[in-house]
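Reading the structure
Okay, here's what each chain looks like letter by letter:
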Amino acid sequence: MEEIRKDMLLKDWLDIWYETYAIPFVKKSTQVSYECYIRLHIKPHIGDIRLCDLNAIVLQQFFNYQYERGSCKGTTLSPKTLLNMRMMIHEAIGEAVKNNLIDCNYVEYVKLPKQQKEERRVLTHDEQTRLLNTLKASDDPFAFGVFLCLTTGIRIGELCGLYWSDFKTSGNLTTMRIKRTLNRIPNLKSGKGTIINISAPKSQAALREIPLEEGILQFLEQYRLKQLALIGAHHTYGDQFVLSRIPGQPIEPKFMQNRFKKFLKDASISDASFHSLRHTFATRALECGIDYKTLSVLLGHADVTTTMNLYQHVLIEQKKDAMRKIMQQF
């Protein structure tokens, strides 16, 4: 193990921190992000600086450079990426402070560019109707996956991670429990290729239970019957993946994204991301009077302010409507 001392290089401390404080405690997808930040961005630029020489100006210049680089065409850095990298470095240097390797966590003084608000694509009412009609008329069994995301607001990784056992019926109520998410990440062990990663959702709040209405249950039963013919009865119950083409194997997000693009084309809808289904669900919910707290729980947001910040466009319309009603009293 690398000797811990104040004059050690930043890159050596990051290796120790990653093995000691990151891998045992963070999700695999977060480990991948951290490993990429360290290997691709930090080590090549400031990795050879000694911890005792690290200061606020060095870190600020590093982030300024990364932002300028990320602003160039063909790179993937963004203000959100910089924020995530800043949070990681803050954690790493924070542990260095606790170990008396550096006197101050200078990352606290780093300024980052403001994040521009992402424009969220929401299907119009007409587009939504056309898409629903296309999904219901389709022979493609995986039209159900798109339908389920549109009508419940779940994320694509949560959809792909669903088991049949996640659907529970008690009396007249059937619910869907969101307990895991599925994605594909780089294989850090081998350093080559990628692996399917199944883990708990992104936060405790994302572990949730969603009541299902009759229209969803009917589509679910139609889909189950198609799956019986496709992969057999043994794979349409219990801890088997709901979305599957090969017995015991899940459908990946990329597959569903491609299917979604096909359904958009069939419905004559201009391009939209799969996440637009979630935004459309949330917008329709607010338009019909669902309060932000309830919607926040359904979406699995950690805090209701997240929901309000994401859907300010609907909030503004609600405020305008409230003011019109108030002014009717004058």
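I will try to describe carefully the structure that is included in this document. (Residues numbered from 1 in each chain as written. Predicted model: local features only at pLDDT ≥ 70, side-chain atom pairs only at ≥ 80, totals over all residues. Heavy atoms only, no water.)

Taken as a whole, the largest pocket holds about 1,900 Å³ of empty space. Along the walls of the largest pocket sit 49 residues, with Ser 29, Lys 80, Asn 84, Arg 155 and Lys 202 positioned nearest its centre. In terms of residue count, helix H4 (residues 79–98) provides more of the lining of the largest pocket than any other element does, 7 residues in total. When its residues are assigned to classes, the lining of the largest pocket shows 18 nonpolar, 17 polar and 14 charged. Its volume calculated, the second largest pocket comes out at about 340 Å³. Taken together, 17 residues line the second largest pocket, and the ones lying closest to its centre are Leu 150, Thr 151, Thr 152, Ile 216 and Phe 281. Those elements giving two or more residues to the lining of the second largest pocket turn out to be helix H5 (125–137), helix H6 (143–152), strand S5 (208–212), helix H10 (276–287) and helix H11 (292–299). In terms of residue count, the dominant contributor to the lining of the second largest pocket is H10 (4 residues). Looking at the lining of the second largest pocket, its residues break down into 10 nonpolar, 5 polar and 2 charged. (1 Å grid on protein atoms, 1.4 Å probe; cavity = no way out; pocket = protein on both sides within 12 Å on 5 of 7 lines; lining within 4 Å. Points joined across faces, edges and corners; volume = space filled by probe spheres on them. Helix = DSSP H or I, 4+ residues; strand = E, 2+ residues; numbered from the N terminus. Nonpolar A, V, L, I, M, F, W, Y, C, P; charged D, E, K, R; others polar.)

The next subject is unusual backbone geometry. Excluding glycine, residues mostly carry a negative phi; peptide bonds, for their part, are mostly trans. Phi at Asn 100 takes a positive value of approximately 60 degrees, unusual for a residue other than glycine. Within the secondary structure, Asn 100 is located in the loop between H4 and H5. With a relative accessible area of 55%, Asn 100 lands in the exposed category. The phi torsion at Ser 268 lies on the positive side, around 60 degrees, for a residue other than glycine. For Ser 268, the position within the fold is in the loop between helix H9 (253–266) and H10. (Buried < 20%, exposed > 50% of the residue type's maximum accessible area, 1.4 Å probe, protein only.)

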